[in-house]
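Residue-level structural notes
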Amino acid sequence: MERDRNLVVKFSGLKDGLHQLEFAVDIKFFESYPQSEICDGSVLVLLNLTKSPQMLVLEFNATGAVTLECDRCIGQFQCPVKWERKMVVNLHADEFADDDDLISLPESAVDLYIGQYIYEFTMLSLPARKVCDEAGSGQQCDPEVIEKLVQVEHKQEENPSDDGESDPRWQALKNIKFEN
Ligand SMILES: [Zn+2]
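All figures in this text were calculated on a predicted structure; none of them were measured in a lab.

Looking only at helices and strands, the protein chain has four helices and eight strands in total. Order of helices (α) and strands (β) in the protein chain, N terminus to C terminus: β-β-α-β-β-β-β-β-β-α-α-α. Partitioning the contacts of the protein chain with sequence separation of at least 6, the portion at a separation of at least 24 is 57%.

Below, the structure written as structure tokens:
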């Protein structure tokens with residue numbers, strides 16, 4: 001993975017104390033992670049970095065939005081992004097280690113690449129089910145596509161519909177209920 005130079009925290013030259021840093025990522029960043037399935041988006045990350053001789057405390061605060069493809073209607077929808085995360089960086093470790101919210105760096109380290117954390121935490125903040133109706137943005141699935149999907153399903157089941165409740169999946173569920 002190529003490191004984006006804009007996402008490198010050069011802490012070696014910083015004085016002890018609090019530093020407020022700002023990072024912005026957009027679709028170019030997400031495109032470097034093809035598995036993300038993010039179509040578009042931008043996220044602003046505010047980072048409160050507190051430096052002391054032994055360690056760094058990193059407090060991330062991210063806000064933004066990404067565009068995802070709906071698993072149900074294949075349309076694109078906006079999904080808000082909001083997450084906070086605190087990490088501690090040990091500056092006097094024997095070797096590099098990344099253990100959940102504790103990062104260990106050897107004393108020779110002068111900077112820290114935070115791109116992968118921004119990516120991971122953004123992905124973790126997204127809903128597990130990528131569906132328009134459930135993204136919290138008020139957007140609905142494309143009704144025309146849903147209608148067509150329902151028609152196709154009915155054809156496949158060779159079960160002509162006469163009312164709105166004839167979806168074979170619902171019928172199957174009802175039968176299970178009656179058997180109990
Ligand atoms: Zn949808």
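On to helix H2 (residues 115–125), then. Of all the positions in H2, only Gly 115, Tyr 117, Ile 118, Tyr 119 and Thr 122 are classed as buried. Packed against the buried residues of H2 are strand S2 (17–25), strand S3 (38–51), strand S4 (55–69), strand S5 (76–93) and strand S8 (111–113).

With that out of the way, let us pick up unusual backbone geometry. Glycine aside, negative phi is the norm for most residues, and most peptide bonds take the trans geometry. Within the chain, Glu 37 stands out as a residue other than glycine whose phi angle is a positive 60°. Checked against the element boundaries, Glu 37 lands in the loop between helix H1 (27–31) and S3. The residue Ile 74 is not glycine, and still its phi comes out positive at about 65°. By the element assignment, Ile 74 lies in the loop between S4 and S5.

Glancing now at the sheet that holds S5. Across the sheet, which stays open at both edges, the six strands sit in the order S2-S3-S4-S5-S7-S6 with mixed pairing between neighbours. This sheet does not close on itself; its edge strands, each paired only once, are S2 and strand S6 (97–99). On average, each strand axis in the sheet is tilted by 20° relative to the strand beside it, whichever way the strands run. With nine bridges connecting them, S2 and S3 associate as antiparallel partners.

About the criteria used
Residues numbered from 1 in each chain as written. Predicted model: local features only at pLDDT ≥ 70, side-chain atom pairs only at ≥ 80, totals over all residues. Helix = DSSP H or I, 4+ residues; strand = E, 2+ residues; numbered from the N terminus. Contact = placed C-beta atoms within 7 Å. Buried ≥ 20, exposed ≤ 12 C-beta atoms within 10 Å, placed from the backbone. Pairing = 2+ DSSP bridges. Axes fitted to C-alpha atoms, helices over the stretch in contact; angles between N-to-C directions.

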